[in-house]
Amino acid sequence: MSDVVVGPDGLARCPWGLEAESRADYRLYHDTEWGRPVHGDDALFERMCLEAFQSGLSWLTILRRREGFRAAFAGFSVPAVAAFTERDAERLLADPGIIRNRAKITAALANARVLAEWAPGELDALVWSYAPPAGRPVPRSFADVPAVTPESTALAKELKRRGIRFVGPTTAYALMQACGLVDDHLAGCHVRAGRQAPAA
């Protein structure tokens, strides 16, 4: 038996995709983004930043400020953010459209400067090299979904070794879930089922 919940539209989803107070926000993210493969250095930098900003907060808080983050962080262009100055950092700290946490802002800017020194595609290749092999058991409830895995621990360790801040094993696993390195949609969820359906 799976813990999926059937919504008003008749589709089965992971329970968090139908949380009452925020159904539209979570449902859209659940149905169209979470667990789908994300590639590209800027796209992965955005997800890495957002997962770090989410630490200690609800994901809904991040979703509702996402466009504010994109505006404030130049669309998460690695070269653009790497060029931010101290004046930009102060601007970010005063921006009500994002999470104004000095340590997280400082880490995002420092991470961009590190990544700007990497070859194009290097972040993408590094992150995806930690995708676990196919054949993981399909979770039936969120009790079956880990918070940390050996792969996320190894990824976090390598990112830290290379100078990336604020991405520990738990944040690394959330990144892996969000970017499709793992598929933690529950058994019976229409998103998982849709991806496994044979091509017409």
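Since we're looking at a predicted model, the values are computed, not measured.

1. Side note on the overall build of the chain
Counting its regular elements, the chain contains 11 helices and two strands. If you list the helices and strands of the chain from N to C, you get β-β-α-α-α-α-α-α-α-α-α-α-α. Radius of gyration (C-alpha) of the chain: 17 Å, near the 16 Å computed for a compact globule of 200 residues. Across the 200 residues in the chain, those meeting the buried criterion constitute 46%. Taking contacts inside the chain between residues at least 6 apart in sequence as the whole, the part at least 24 apart equals 67%. When the accessible surface of the chain is split by element, carbon and sulfur atoms take 56% of a total near 9700 Å². Distance between charge centroids for the chain: 2 Å, based on 24 positive and 24 negative side chains.

2. Comments concerning helix α9 (residues 150-161)
If you check α9, its first and last C-alpha atoms are 16 Å apart, about what 12 residues at 1.5 Å a residue would give, namely 16 Å. Regarding α9, the residues found buried are Ser 152, Leu 155, Ala 156, Glu 158 and Leu 159. Angularly, the buried residues of α9 cover 165° about the axis, an arc narrow enough to put them on a single face. Exposed positions of α9 whose direction lies more than 90 degrees from the buried face are Pro 150, Lys 157, Lys 160 and Arg 161. Of the surrounding secondary structure, the elements contacted by the buried residues of α9 are α2 (41-54), α8 (122-128) and α10 (169-178). Two residues or fewer after α9 comes Gly 163, characterised by a positive phi angle close to 100°.

3. Points about the pattern of salt bridges
Going through the model one piece at a time under the given rule, you end up with 15 salt bridges. Among the salt bridges present, the one from Arg 70 reaches Glu 67, with a minimum N-O distance of 2.9 Å. One end of the pair is Arg 70 and the other is Glu 67, both in helix α4 (residues 66-72) and three residues apart, which spans about a single turn. Residue classification places Arg 70 among the partly exposed residues on the basis of a relative accessible area of 29%.

4. What about helix α7 (residues 102-115)?
Counted at 1.5 Å a residue, the expected span for α7 with its 14 residues is 20 Å, and the 20 Å between its end C-alpha atoms agrees. Lys 104, Ile 105, Ala 107, Ala 108, Leu 109, Ala 110, Asn 111, Ala 112 and Leu 115 are the residues of α7 that are buried. Looking at the packing, one finds that the buried side of α7 touches α2, α5 (78-82), α6 (86-93) and α8. The N-capping residue of α7, defined by a side-chain oxygen 3.1 Å from the backbone nitrogen of Ala 103, is Asn 101.

5. Structural notes on the nonpolar core
Ranked by internal contacts, the top residues of the largest apolar core, which has 55 residues, are Phe 45, Phe 69, Phe 73, Leu 123 and Leu 159. Per element, the largest residue contribution to this core is six residues, and it comes from α2.

Definitions and limits used
Residues numbered from 1 in each chain as written. Predicted model: local features only at pLDDT ≥ 70, side-chain atom pairs only at ≥ 80, totals over all residues. Heavy atoms only, no water. Helix = DSSP H or I, 4+ residues; strand = E, 2+ residues; numbered from the N terminus. Rg over C-alpha atoms; globule rule 2.2 N^0.38 Å. Buried < 20%, exposed > 50% of the residue type's maximum accessible area, 1.4 Å probe, protein only. Contact = heavy atoms within 4.5 Å. Areas by Shrake-Rupley, 256 points an atom, 1.4 Å probe, with all protein chains shown as cover. Lys, Arg positive; Asp, Glu negative; His and termini not counted. Charge placed at Lys NZ, Arg CZ, Asp CG, Glu CD. Expected span 1.5 Å × (residues − 1). Arc of directions from axis to C-beta. Salt bridge = Lys/Arg side-chain N within 4 Å of Asp/Glu carboxyl O. Polar contact = N/O pair within 3.5 Å; in protein donor to acceptor, adjacent residues only side chain to side chain. Core = buried A, V, L, I, M, F, W, Y, C linked by side-chain atoms within 4.5 Å.

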